[in-house]
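# Structure at a glance
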2 protein chains.
Amino acid sequence: MDISSYIKTHIDLNYNEKQLPFTAKEKRFAKNSILTDYEVIEENIFFLKSGIVQVEINYNDVERILDFFFPYTFFCSYTSLLKSVPSDVKIVALNNCVVDVIKHTDLLAAYEHSLMANKLGRIESEKLYLRKVKHEKDLMTKSAEVRYGELLTEQPEIIKQIPINRISQYLGVRPESLSRIRKSIS
Amino acid sequence: MDISSYIKTHIDLNYNEKQLPFTAKEKRFAKNSILTDYEVIEENIFFLKSGIVQVEINYNDVERILDFFFPYTFFCSYTSLLKSVPSDVKIVALNNCVVDVIKHTDLLAAYEHSLMANKLGRIESEKLYLRKVKHEKDLMTKSAEVRYGELLTEQPEIIKQIPINRISQYLGVRPESLSRIRKSIS
């Protein structure tokens, strides 16, 4: 699925423009390569066509994983992009990835006149907002055990496709604790 | 400032439509009245013209304050609105408030055809996203003392206008702890 078909399916059923209101350029990233590094200002929006990426953050010298993105989602260092500040997250290809890349400057130009670009920007911002709310709530209310149980039922693709040490970084527990949690659940 | 002048200033400098793409109806709420209650599905978007509102949440029977909104901002129980699920927050007028109310159904209809409505929705979603990111980061990295110090310098209007017991609910500390923090800073 490319951006045009994503838009037709998820943003606007009536979308039938032949041309996107911005250019999107396919790019490949090998496993473990960095799409956006700490301290750079984000200049791109990525649409993931295949592979998995992870968003890392460093809190008090502890590396945590904030999020994983799976195919057919948009991602980038969004705070850096919106505020033009150096990124405090690092985005890494967890395996070989194919993405479509949109330049931020092209998107901003499209926002000036294109209804569809604004619809897309609005709906994707809403989705990212909802992800953040869920994460905030989970952090404030749920133990790592409960959160692992929810991953099992709600996002089994994370459990199946992502190495266990990275899942422990995502849940914010040491690998030993996660082993204990997995034993107690199974 | 009403919604039209807000749009002209913050969303689109060239905005000169005489009519908004949706209706906005002025409404007054007396101090302590509830704009959106727990468990209802949010049906409105509010634009705050005067007064302050607070967003409350109940975690494990502890009432916390998630956010304060000041004049010339849009607010609502946004997750409830976007997902059509019962609200898990309560929005309360901290003093007498005047708001413009937009019905969600009207906004959805405007989203179908209006560039401006989508621009507004996109930019406001981006802002709410940035607020959430800041809050998440603050919760994960900063002590109540640091967060209080930042309120003093970055959002003095909160310190000046909001009762101290509510600030302690916002910072997630007991009132005694906040007194101690204030003494140590002054």
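Quick note: structure is the one above.
Everything quoted here is computed from the prediction, not taken from an experiment.

Here we come to the interface of chain A and chain B. Each side of the interface is counted separately: chain A has 31 residues, and chain B has 31 residues. Across the chain A/chain B interface, buried area totals approximately 3,200 Å², and carbon plus sulfur atoms make up 65% of it. Between Glu 136 of chain B and Lys 132 of chain A there is a salt bridge, with the nearest N and O atoms lying 3.0 Å from each other. Elements that contribute at least two residues to the side of chain A that touches chain B include exactly strand S4 (53-59), strand S5 (62-69), helix H2 (78-83), helix H3 (104-113) and helix H4 (115-141) of chain A. If one sorts the elements of the side of chain A that touches chain B by residue count, H4 of chain A sits on top with 18 residues. Partitioned by chemical class, the residues of the side of chain A that touches chain B number 13 nonpolar, 8 polar and 10 charged.

A separate point is the packing of aromatic side chains. A full pass over the atoms with the stated rule returns 16 aromatic pairs over all chains. Consider the rings of Phe 47 of chain A and Phe 74 of chain A, whose centres lie 4.9 Å apart with planes at 55°: the pair is tilted. One end of the pair, Phe 47 of chain A, is in strand S3 (residues 44-50); the other, Phe 74 of chain A, is in strand S6 (residues 74-75), and 27 residues separate them in sequence. The same class applies to Phe 47 of chain A and to Phe 74 of chain A, which are both buried. Measuring from centroid to centroid gives 5.2 Å for Phe 46 of chain B and Phe 75 of chain B, while their planes differ by 15°, and the two rings are stacked. Here Phe 46 of chain B, found in strand S3 (residues 44-50), pairs with Phe 75 of chain B, found in strand S6 (residues 74-75); they are 29 residues apart in sequence, far enough to count as distant. By relative accessible area, which is 2% here, Phe 75 of chain B ends up buried. Among the aromatic residues, those joined into a ring-pair cluster are Phe 29, Phe 46, Phe 69 and Phe 75 of chain A.

Procedures and definitions
Per-chain numbering applies: the sequence of each chain, read as written, is numbered from 1 onward. Following the order in which they are written, the chains are lettered starting with A and the ligands numbered starting with 1. Confidence filtering applies because this is a predicted model: local features only for residues at pLDDT of at least 70, side-chain atom pairs given and counted only at 80 or more, and all residues used for totals across whole chains, interfaces and linings. Values reported for side chains reflect all heavy atoms of the structure, with hydrogen atoms and water molecules removed beforehand. Here, residues are in contact when the closest pair of their heavy atoms is within 4.5 Å. Note on definitions: buried area is the accessible-area loss of two parts on being combined, 1.4 Å probe, summed for both. Each reported salt bridge corresponds to a side-chain nitrogen of Lys or Arg within 4 Å of a carboxyl oxygen of Asp or Glu. In this description a helix means any DSSP run of H or I spanning at least four residues, a strand means any run of E spanning at least two, and both kinds are numbered starting from the N terminus. Amino acid classes used here: Ala, Val, Leu, Ile, Met, Phe, Trp, Tyr, Cys and Pro are nonpolar; Asp, Glu, Lys and Arg are charged; the rest, including Gly, are polar. Stacked, tilted and edge-to-face are the three classes assigned to paired rings of Phe, Tyr and Trp, where Trp is represented by its six-membered ring and a pair needs centres within 6.5 Å; plane angles under 30 degrees give stacked, over 60 edge-to-face, the rest tilted. The classification of residues rests on relative accessible area computed with a 1.4 Å probe and restricted to protein chains. Under 20% of the type maximum is buried, over 50% is exposed, and intermediate values are partly exposed.

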